[in-house]
Amino acid sequence: LARTAWLNGVFVAADEARISPFDRAFLFADAVYEVTAVYNGQPVDMERHLDRLERSLSEIGFTTFPARKEIAAAHHRLIAENGIGEGFIYLQVSRGAYGGRDFPAPDPARPTVFAFGEPKPLIDVPSARNGIKVIAFDDIRWARCDIKSTGLLGPVLAKTAAKTAGKEDAWFVDGDGLITEAASANAWIVTQQGELVTRALSNAILPGITRHAIFDTLAQHGLKIVERSFSLEEAKQSVEAFNTSAVALVTPVVEIDGATLAGGKPGPVTRSIQRLYYTAIGADVAKAAPWANE
Ligand code: PDD
């Protein structure tokens, strides 16, 4: 069954979708993107993803944006046509093709807007159940990691190094020895003192939609999050750690740069945040993730 994609307003068979090699996404990575989780056949936090898309576009100089209603409708149709009960939708907006290679952004923009989706289990997966191991990797990315740019060589190199080392992911370490975030997720630790810590928002990290949702959810339950930087050393001595993103949701981290956390098993704070977040996106935890109740 051919997968359906959405390209410049038209639904097409994914393997027949074509763009120009002069597209500025291809030549310059002059493009931004969003990845939205799908659960129960519904996009998760659609409005916040649209807000962040517009913010990324405006930070790279766009003054008009693709219509929100159309993008949201396309998400729903991609979910339906591709039979996505659980999975994700990828959306990319590039500055388009102009037949040459000229660095300055052309005016007016003629964006290329592309989206596709895939069914994929997000909750009941080995990584969420058992946790993952991460390597530490120098944060070699640019100074505007708050923009969700398709310039992803840093994460590509980091995740390749992790795979080569037999681990599942990488956490970026900045020039001061502090963790910024994971290669494609936000990074969290639970300290020996029992603080739940994640780095404060700045140009050094992506303002994660999942991160934001967990702030909301924990606030409803009166649970406290400390927003501050933490070092690789502190992370290695933490009692629990986890990643959050639209595809990782809440993924326990059980080893950091060779240091095993709390016996190498997901801990109770991570499990409770998994339960709260799964519930928040509409999952019945007893059915979808019985292991999160243990
Ligand atoms: N990545 N930090 C980075 C560097 C990311 O690439 C992502 C998401 C996040 C988490 O953001 P959110 O909770 O909004 O997904 C944090 C997506 C999933 C990706 O590149 O595939």
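What you are looking at is a predicted structure, and each value in this text was computed from that prediction instead of being measured.

## Observations regarding the nonpolar core
The tendency in soluble globular proteins is for nonpolar side chains to be buried side by side.
Okay, so step 1: Core analysis: the biggest nonpolar cluster contains 35 residues, and Ile123, Leu196, Leu249, Tyr277 and Tyr278 have the highest contact counts within it.
Okay, so step 2: Within the residue set of this core, elements represented by two or more residues are strand E3 (31-39), strand E5 (87-94), strand E10 (186-190), helix H6 (209-220), strand E14 (249-256), helix H8 (268-280) and helix H9 (285-288).
Okay, so step 3: In contact with Leu249, not counting residues within four places along its chain, are Ala37, Leu122, Ile123, Thr210, Asn243, Thr244, Tyr277, Tyr278 and Ile281.
Okay, so step 4: Core analysis: the next-biggest nonpolar cluster, separate from the first, contains 21 residues, Val32, Ile71, Ala72 and Ile147 among them.

## Section: unusual backbone geometry
Okay, so step 1: Residue Pro108 is reached from Asp107 by a cis peptide bond, and omega for that bond is 0 degrees.
Okay, so step 2: Even without glycine at this site, Asp45 takes up a positive phi of about 60 degrees.
Okay, so step 3: You can see Asp45 is positioned in the loop between strand E4 (42-43) and helix H2 (46-59).

## Remarks on the site of the ligand
Okay, so step 1: Every one of the 19 residues lining the ligand counts as a neighbour, but Tyr33, Arg52, Glu181, Ile209 and Thr210 are closest to it.
Okay, so step 2: Between the ligand and Glu181 there is a distance of 2.6 Å, counted from a nitrogen atom to a side-chain nitrogen or oxygen.
Okay, so step 3: Contact distances for the ligand include 2.6 Å between an oxygen atom and a side-chain N or O atom of Thr210.
Okay, so step 4: Alone, the ligand offers 470 Å² of accessible surface; in the complex the protein occludes 90% of this.
Okay, so step 5: Among the elements of the structure, E3, strand E9 (179-182), H6 and strand E13 (240-245) are those that each provide at least two residues to the shell around the ligand.
Okay, so step 6: Looking at the shell around the ligand residue by residue, the classes come out as 9 nonpolar, 6 polar and 4 charged.

## A look at the pattern of salt bridges
Okay, so step 1: Following the criterion strictly, the structure yields 23 salt bridges and no others.
Okay, so step 2: Ionic pairing is found between Asp139 and Arg141, a salt bridge with its closest N-O pair at 2.8 Å.
Okay, so step 3: Lys287 serves as the salt-bridge partner of Asp284, at 3.7 Å between the closest nitrogen and oxygen.
Okay, so step 4: With relative accessibility at 39%, the residue Asp284 sits in the partly exposed group.
Okay, so step 5: Overlapping salt bridges, with partners in common, bring together Glu47, Asp51, Glu54 and Arg68 in one network.

## Quick notes on the packing of H6 against H8
Okay, so step 1: Two elements in contact, H6 and H8, have axes whose closest approach is 10 Å; the angle formed by their N-to-C orientations is 100 degrees. Viewed along their axes, H6 and H8 adopt a mutual orientation that is roughly perpendicular. On H8, the residues touching Thr210, Ala213, Ile214, Thr217 and Leu218 of H6 are Ile273, Leu276, Tyr277 and Ala280.
Okay, so step 2: Each residue belonging to the contact of H6 with H8 can be placed in one class, and the counts come to 7 nonpolar, 2 polar and no charged.

How each quantity is defined
Residues numbered from 1 in each chain as written. Predicted model: local features only at pLDDT ≥ 70, side-chain atom pairs only at ≥ 80, totals over all residues. Heavy atoms only, no water. Core = buried A, V, L, I, M, F, W, Y, C linked by side-chain atoms within 4.5 Å. Buried < 20%, exposed > 50% of the residue type's maximum accessible area, 1.4 Å probe, protein only. Helix = DSSP H or I, 4+ residues; strand = E, 2+ residues; numbered from the N terminus. Contact = heavy atoms within 4.5 Å. Near = heavy atom within 4 Å. Polar contact = N/O pair within 3.5 Å; in protein donor to acceptor, adjacent residues only side chain to side chain. Areas by Shrake-Rupley, 256 points an atom, 1.4 Å probe, with all protein chains shown as cover. Nonpolar A, V, L, I, M, F, W, Y, C, P; charged D, E, K, R; others polar. Salt bridge = Lys/Arg side-chain N within 4 Å of Asp/Glu carboxyl O. Axes fitted to C-alpha atoms, helices over the stretch in contact; angles between N-to-C directions. Parallel < 35°, antiparallel > 145°, perpendicular 65-115°, else oblique.

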